Amino acid sequence: MRHDHLITSKQLSREDVELVLDRAAEIDADPERVADRHAGRLLGLLFFEPSTRTKMSFETAMKRLGGDVVDMGSIESSSVKKGETLADTVRVIEGYADALVLRHPQQGAAKMASEYVDVPLVNAGDGAGHHPSQTMLDLYTIRENAGLEDLTIGIMGDLKYGRTVHSLAYALSNFDARQHFISPESLQLPREVVYDLHQQQGGTQIREHDSIEEVLPSLDVLYVTRIQRERFPDENEYQQVAGEYQIDAKTLEDASDDLTVMHPLPRVDEIAPEIDDTDYAAYFEQAHNGVPVRMALLDMLLESGGENDE
Amino acid sequence: MRHDHLITSKQLSREDVELVLDRAAEIDADPERVADRHAGRLLGLLFFEPSTRTKMSFETAMKRLGGDVVDMGSIESSSVKKGETLADTVRVIEGYADALVLRHPQQGAAKMASEYVDVPLVNAGDGAGHHPSQTMLDLYTIRENAGLEDLTIGIMGDLKYGRTVHSLAYALSNFDARQHFISPESLQLPREVVYDLHQQQGGTQIREHDSIEEVLPSLDVLYVTRIQRERFPDENEYQQVAGEYQIDAKTLEDASDDLTVMHPLPRVDEIAPEIDDTDYAAYFEQAHNGVPVRMALLDMLLESGGENDE
Amino acid sequence: MRHDHLITSKQLSREDVELVLDRAAEIDADPERVADRHAGRLLGLLFFEPSTRTKMSFETAMKRLGGDVVDMGSIESSSVKKGETLADTVRVIEGYADALVLRHPQQGAAKMASEYVDVPLVNAGDGAGHHPSQTMLDLYTIRENAGLEDLTIGIMGDLKYGRTVHSLAYALSNFDARQHFISPESLQLPREVVYDLHQQQGGTQIREHDSIEEVLPSLDVLYVTRIQRERFPDENEYQQVAGEYQIDAKTLEDASDDLTVMHPLPRVDEIAPEIDDTDYAAYFEQAHNGVPVRMALLDMLLESGGENDE
């Protein structure tokens, strides 16, 4: 991998992805080996939108590599309130840090910002756009639990607005996975995403469903996402849909014993707590995988983008 | 001491307390010896309620041990706003950290949270519940200034709602202290706390007063707490009470020369600034003692709870 | 330099300033040499007002020296809300840190606070008062780009309320600079500042202008500041003035090729983006210079103020 910035998971080939996942696995197996690797290096955190787990896991990743962070803090306490442009903000903060992580509500913000800075920049979510490190940790979790070869995955919930889901689907299309998309009709995958997926050369197989029943037994992985109340103009419609797309022990009766259940978290009630202690549940492990995966990404970017490497 | 979590000071025996205080004293005497002791370790900070000194002093303690922190930040910028349960939040964040510190407005929150995690968890306040590291630093300050043997202490102010005061009273009851409780009638110690204290086997002596005059000369330590305006439906009543339970040079005319005045801070006007530079004043020292005491606690928990110790 | 606190740039002689700038230049040339210099030391950050770049650059500076920070956080989440005095707050926090940085909305706050603490305290802005580290980085940027000897500088924009500008003007008056002040009449330099500057022994030359045209060709440095909308009762008047005091390629047609354009940032539209990539632009470099300059300041204060230096 030789990239100065990490903006979208589309920029990464299957080989790139495997390189990152291999590096993450190495780090996961022996974190002590990299514990001082980036001592003295600083990661600038620019979160223009609230985030707990993404921000904390980037921070943890950088500190587990021996480095440290400088955090812009919330927008309320920043110069942004004084009308500063994003281009100015990143150009100032690149003077403090060896790499930057940016989350911003506007699609395309990370790409634009990356054109103004010389240090590596990681997109940690740009509105409806991309969030490549999330995709990487999803792929890592799938690989660890079910393998990425000959995979049958069900992706369920809000497939219309879910940035996470689109990125994952694109990434999996490099791996010849059979992808089943399960959602109420009003939250189906956007037609252009379906079209794009069909165009992928890898020959990934795609099917859409409005119920999980028919596909559940064939699944290696079930990836659940939250259905957001605010997407529905009508509360009754929401209640009905939310109830149907909820996973509990009863739902999983017909599942394979080897099924892996994932969720990008936070969940509200898409997955019943009774699943938490079963062998199906991989969502907390998935969240924890953010650390080795982001360590691998930061390590590779700091190596390729850094000036004072040996 | 062999505890995986620190939830309440009630779980600690007199021997436990003395072990922590001895360790804190050792660290205080030679902080350089432990300056790298937990290098590479991360402490997760989960403060669901505002806090300055508790949070900063845990952070300082961890950094003075060579470690670092990852901070969930304010609830406004976290997943909690999206409806995530505390159980989910702590299970995600334990993936980032080697130990957790939790403050939460609900009584029992720390106990509940501790049942979901494998890393050591410290309760830094759970509503009207416990705040054991505060009690430890209070005991440490008393021991350094007046000794815990044959102690006569006056505890004054809001004894009804003060979590700090109840925990301290319970802890002192292990040390045979003579405890004088001084408060307006409406802010007396709850009857169940009085009852509990009488039941303690140590045979601590308890007396309640509505004025400081009669007991002041006999006191080794006077522990002052704030009387909160919002406890009084009537502003006039507040004014009268607040005035009477305020300490100044005149109040202390009959005190022993060796009297130690403590306060958990922040104060508003319970102690006049003219006391600050006298030998009585130990409240800033008390706040500073939060660092060695929390260093001792974290050190002991990371040792017993940590996996990668030699 | 032998100071326990850094409160105002007025306290610094020309020799002091040169000592700091020389140290900053040394650090800038070889940051690796000081990368572990203050390992184990903690800098307490007390920002009672929002700040991005000042806070982040102090934090970066401390971390680039091998140290770390403990941050009071926003006032909303602090004891200040409970009515604690500044004197109490700093006395508590000095127990956590080896030095303090304070920003506070009230003029004189830093001076007052410094009288209560034993660790070195740096004023990072006290309302309409002082912000000496900003002045230092301004001087450093001028010295690197144009030299401080035989300097002709234009200072433009809001000269009435601009704390930055007053401090810089005082500091430059030690260096015999020719200072041109360019502003609309309603935002002229306060008469007492003009008077003070005339009294300086250095014999600095001062001129006031309401347009940049006549002085532009002679300038080595043009220091632009923002004109704040809220200063004008009348929106039309603001629009007219703001338009006239804006710098773009056309404005600079008559400038010297060696002109250096500076701005304390954030800017809104005082400098057109088309200037950013020209050789004139030094404002991002200026922001970045905050790091070596603050490293030099912290290094000197921690050396002189620290107790546990060898």
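Going by what an unreviewed UniProt entry lists, chain A is known as Aspartate carbamoyltransferase and is assigned to Natrarchaeobaculum sulfurireducens. Reading the Function (unreviewed entry) entry of the UniProt record for chain A gives the comment "Catalyzes the condensation of carbamoyl phosphate and aspartate to form carbamoyl aspartate and inorganic phosphate, the committed step in the de novo pyrimidine nucleotide biosynthesis pathway."

S.K.: Quick question: what am I supposed to make of the overall build of chain A here?
M.R.: A tally of helices and strands in chain A yields nine helices and nine strands. Against the compact-globule benchmark of 19 Å for 310 residues, chain A has a radius of gyration of 20 Å, which places it among compact chains. In terms of its C-alpha atoms, chain A occupies a principal-axis envelope of roughly 55 × 45 × 40 Å. Looking at the 310 residues of chain A, the share that counts as buried comes to 60%. When contacts within chain A are restricted to residue pairs at least 6 apart in sequence, those whose partners lie at least 24 apart make up 72%. Here chain A holds 28 positive side-chain charges and 58 negative ones, and the gap between their average locations is 5 Å.

S.K.: Which parts of the structure should I look at to understand the relation of the copies chain C and chain B?
M.R.: What relates the pair of chain copies is a rotation about an axis plus a shift along that axis. Overlaying chain C on chain B yields an RMSD of 0.1 Å, the required transformation being a rotation through 120 degrees with an accompanying axial translation of 0.0 Å. With respect to symmetry, the two chain copies, as superposed, fit the operation of a three-fold axis.

S.K.: Just to check I follow, could you spell out the interface of chain C and chain B for this structure?
M.R.: Interface size is often expressed as the accessible area that is lost when the parts come together. Counting from both sides, the interface comprises 25 residues of chain C and, opposite them, 22 residues of chain B. The three residues of chain C that bury the most area against chain B are K82(C), R91(C) and Y96(C), which together make up 31% of that side's buried surface. Across the contact surface, chain C and chain B share five salt bridges. The partner of D88(C) in a salt bridge is R267(B), with the nearest N and O atoms 2.6 Å apart. Elements with a contribution of two residues or more to the side of chain C that touches chain B: β2 (68–71) and α3 (86–93) of chain C. Here the residues of the side of chain C that touches chain B are counted per class, giving eight nonpolar, seven polar and ten charged.

S.K.: Whenever I open this one, the relation of the copies chain B and chain A confuses me. Can you help?
M.R.: For the pair chain B and chain A, the relating rotation is 120 degrees, the translation along its axis is 0.0 Å, and the fit reaches an RMSD of 0.1 Å. Looking at chain B, a mere 4% of its interface residues are interface residues in chain A too, so the copies touch through different faces.

S.K.: Teacher, can you tell me more about the pattern of salt bridges here?
M.R.: Side chains carrying opposite charge are able to pair once their charged atoms draw close together. Under the criterion given, the structure shown has 60 salt bridges over all chains. Across the salt bridge formed by D88(A) and R91(A), the nearest N and O atoms sit 3.0 Å from each other. Here R91(A) and D88(A) lie together in helix α3 (residues 86–93), a separation of three residues that amounts to about one turn. For D88(A), a relative accessible area of 2% gives the class buried. As a salt-bridge pair, D68(B) and K63(B) come within 4.0 Å of each other at their nearest N and O atoms. Among the residues examined, D68(B) registers a relative accessible area of 10% and is labelled buried.

S.K.: What is the right way to look at the interface of chain B and chain A in this model?
M.R.: The interface of chain B with chain A comprises 25 residues on the first partner and 22 residues on the second. Between chain B and chain A the total buried area reaches about 2,000 Å² when both faces are included, carbon and sulfur atoms providing 52% of it. Broken down residue by residue, the surface that chain B buries against chain A is led by K82(B), R91(B) and Y96(B), which jointly contribute 31%. There are five salt bridges connecting chain B and chain A. Viewed at the interface, chain A and chain B are joined by twelve residue pairs in polar contact (both at pLDDT 80 or more). Across the side of chain B that touches chain A, the residue classes break down as eight nonpolar, seven polar and ten charged.

S.K.: Help me understand the sheet that holds β2(C) in this model?
M.R.: As a general point, the strands of a sheet are linked pairwise by backbone hydrogen bonds and lie either parallel or antiparallel. Residue and element names in this part refer to chain C. Spatial strand order, β2-β1-β3-β4: four strands in an open sheet with parallel pairing. Sheet topology places β2 and β4 (121–126) at the edges, where each strand pairs with a single neighbour. Across the sheet, the axes of successive neighbouring strands diverge by a mean angle of 20 degrees, strand direction being ignored. Judged from the four bridges that link them, strand β3 (residues 99–104) and β4 form a sheet pairing that is parallel. The residue of β4 that forms the bridge with L102 is N123. Most of the contacts of α3 go to β3, to which it runs at about 155 degrees, and overall it touches β1 (42–47) and β3.

S.K.: Help me understand the pairing of strand β6 (residues 178–182) of chain B in this model?
M.R.: Note on strand geometry: in a regular strand, side chains alternate between the two faces of the sheet. Residues and elements named next belong to chain B. β6 sits mainly inside the fold: four of its five residues count as buried. Examined bridge by bridge, strand β5 (residues 152–156) and β6 share five bridges and lie parallel to one another. The partner of I153 across the bridge, within β6, is Q179. Between the parallel elements β5 and β6, the chain passes through helix α6 (residues 163–172) in a crossover that is right-handed.

S.K.: I would appreciate a short explanation of the packing of helix α1 (residues 14–29) of chain A against helix α5 (residues 132–145) of chain A in the present structure.
M.R.: The description of two packed helices rests on the angle between their axes and on the distance between the axes. Residue and element names in this part refer to chain A. Contact geometry of α1 with α5 gives a least axis separation of 10 Å together with a crossing angle of 70 degrees. Between α1 and α5, the angle falls in the class roughly perpendicular. The interaxial crossing formed by α1 with α5 has right-handed handedness. On the side of α1, the interface is formed by V17, E18, V20, L21, D22, A24, A25 and D28, while α5 contributes M136, L139, Y140, R143 and E144.

Conventions and cut-offs
- Residues numbered from 1 in each chain as written.
- Chains lettered and ligands numbered in written order.
- Predicted model: local features only at pLDDT ≥ 70, side-chain atom pairs only at ≥ 80, totals over all residues.
- Heavy atoms only, no water.
- UniProt positions renumbered as here; feature names shortened; annotations may be inferred.
- Helix = DSSP H or I, 4+ residues; strand = E, 2+ residues; numbered from the N terminus.
- Rg over C-alpha atoms; globule rule 2.2 N^0.38 Å.
- Buried < 20%, exposed > 50% of the residue type's maximum accessible area, 1.4 Å probe, protein only.
- Contact = heavy atoms within 4.5 Å.
- Lys, Arg positive; Asp, Glu negative; His and termini not counted.
- Charge placed at Lys NZ, Arg CZ, Asp CG, Glu CD.
- Least-squares fit on C-alpha atoms with pLDDT ≥ 70 in both.
- Buried area = accessible area lost by both parts, 1.4 Å probe.
- Salt bridge = Lys/Arg side-chain N within 4 Å of Asp/Glu carboxyl O.
- Nonpolar A, V, L, I, M, F, W, Y, C, P; charged D, E, K, R; others polar.
- Polar contact = N/O pair within 3.5 Å; in protein donor to acceptor, adjacent residues only side chain to side chain.
- Pairing = 2+ DSSP bridges.
- Axes fitted to C-alpha atoms, helices over the stretch in contact; angles between N-to-C directions.
- Right-handed = clockwise from strand over helix to strand, strands pointing away.
- Parallel < 35°, antiparallel > 145°, perpendicular 65-115°, else oblique.
- Left-handed = near helix turned anticlockwise from the far one by under 90°.

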